[in-house]
Amino acid sequence: MNEFDLLWKMMDEFMECECDKDFKTFDQECNRRFAAIEAEFYRQFFHTLKKTIDLCHAMECCEPPQTLHISLIQAIECTPQKKPAKKKRKKSVD
């Protein structure tokens, strides 16, 4: 059973009053298990990101399809252009 399943089981037992732990002990155990799940998530996330970057570096560079280029240009041209708001000068009091 993985950490996530164990956590759900533990919460279910606590809610059904089938757990012999007090709330403080239960809370500490939950925090420990959540930390383990979070650490595993980040480990897997960064491993996947590293693998993706490695694969991208190994790819040959090629020109994008002409249809993609045209779509991007059209999207840029259709995007409303706004000038940045002018900063108001503070009036100096002499």
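**Structural notes on the overall build of the chain**
Piece 1. Along the backbone of the chain there are 3 helices and 0 strands.
Piece 2. At 28 Å, the chain has a C-alpha radius of gyration far larger than the 12 Å of a compact globule built from 94 residues.
Piece 3. The buried share of the chain, reckoned over its 94 residues, is 7%.
Piece 4. Here the chain displays about 9,500 Å² of accessible surface, and carbon together with sulfur accounts for 61% of that area.
Piece 5. The positive charge centre, built from 16 side chains, and the negative charge centre, built from 17, are 19 Å apart in the chain.

**Quick look at the confidence of the model for the chain**
Piece 1. Per-chain confidence: the chain averages 81 in pLDDT, with 91% of residues scoring 70 or above.
Piece 2. In the model of the chain, helix H1 (residues 3–15) stands out as the element of lowest mean pLDDT, 76, in contrast to helix H3 (residues 66–78), which has the highest, 90.

**Quick word on the environment of Ala-58**
Piece 1. Looking at the element boundaries, Ala-58 is found in helix H2 (residues 23–58).
Piece 2. Spatially, the C-alpha atoms of Ala-58 and Cys-30 are 42 Å apart, while their sequence positions differ by 28 residues.

**Some details on the packing of aromatic side chains**
Piece 1. This structure, assessed with the given rule, holds 3 aromatic pairs.
Piece 2. Consider the rings of Phe-41 and Tyr-42, whose centres lie 5.3 Å apart with planes at 70°: the pair is edge-to-face.
Piece 3. Residue classification places Tyr-42 among the partly exposed residues on the basis of a relative accessible area of 41%.
Piece 4. A centroid spacing of 6.2 Å and a plane angle of 25° characterise the contact between Phe-41 and Phe-45, whose relative ring orientation is stacked. With Phe-41 and Phe-45 both in helix H2 and 4 residues apart, this pair spans about one turn of that helix.
Piece 5. Take Phe-41: its relative accessible area is 51%, and that puts it in the exposed class.
Piece 6. By relative accessible area, which is 43% here, Phe-45 ends up partly exposed.
Piece 7. Clustering of aromatic rings is evident, with ring pairs tying together Phe-41, Tyr-42, Phe-45 and Phe-46.

Reading the values: the criteria
- Residues numbered from 1 in each chain as written.
- Predicted model: local features only at pLDDT ≥ 70, side-chain atom pairs only at ≥ 80, totals over all residues.
- Heavy atoms only, no water.
- Helix = DSSP H or I, 4+ residues; strand = E, 2+ residues; numbered from the N terminus.
- Rg over C-alpha atoms; globule rule 2.2 N^0.38 Å.
- Buried < 20%, exposed > 50% of the residue type's maximum accessible area, 1.4 Å probe, protein only.
- Areas by Shrake-Rupley, 256 points an atom, 1.4 Å probe, with all protein chains shown as cover.
- Lys, Arg positive; Asp, Glu negative; His and termini not counted.
- Charge placed at Lys NZ, Arg CZ, Asp CG, Glu CD.
- pLDDT = per-residue confidence, 0-100.
- Phe/Tyr/Trp six-rings, centres within 6.5 Å; stacked < 30°, edge-to-face > 60°.

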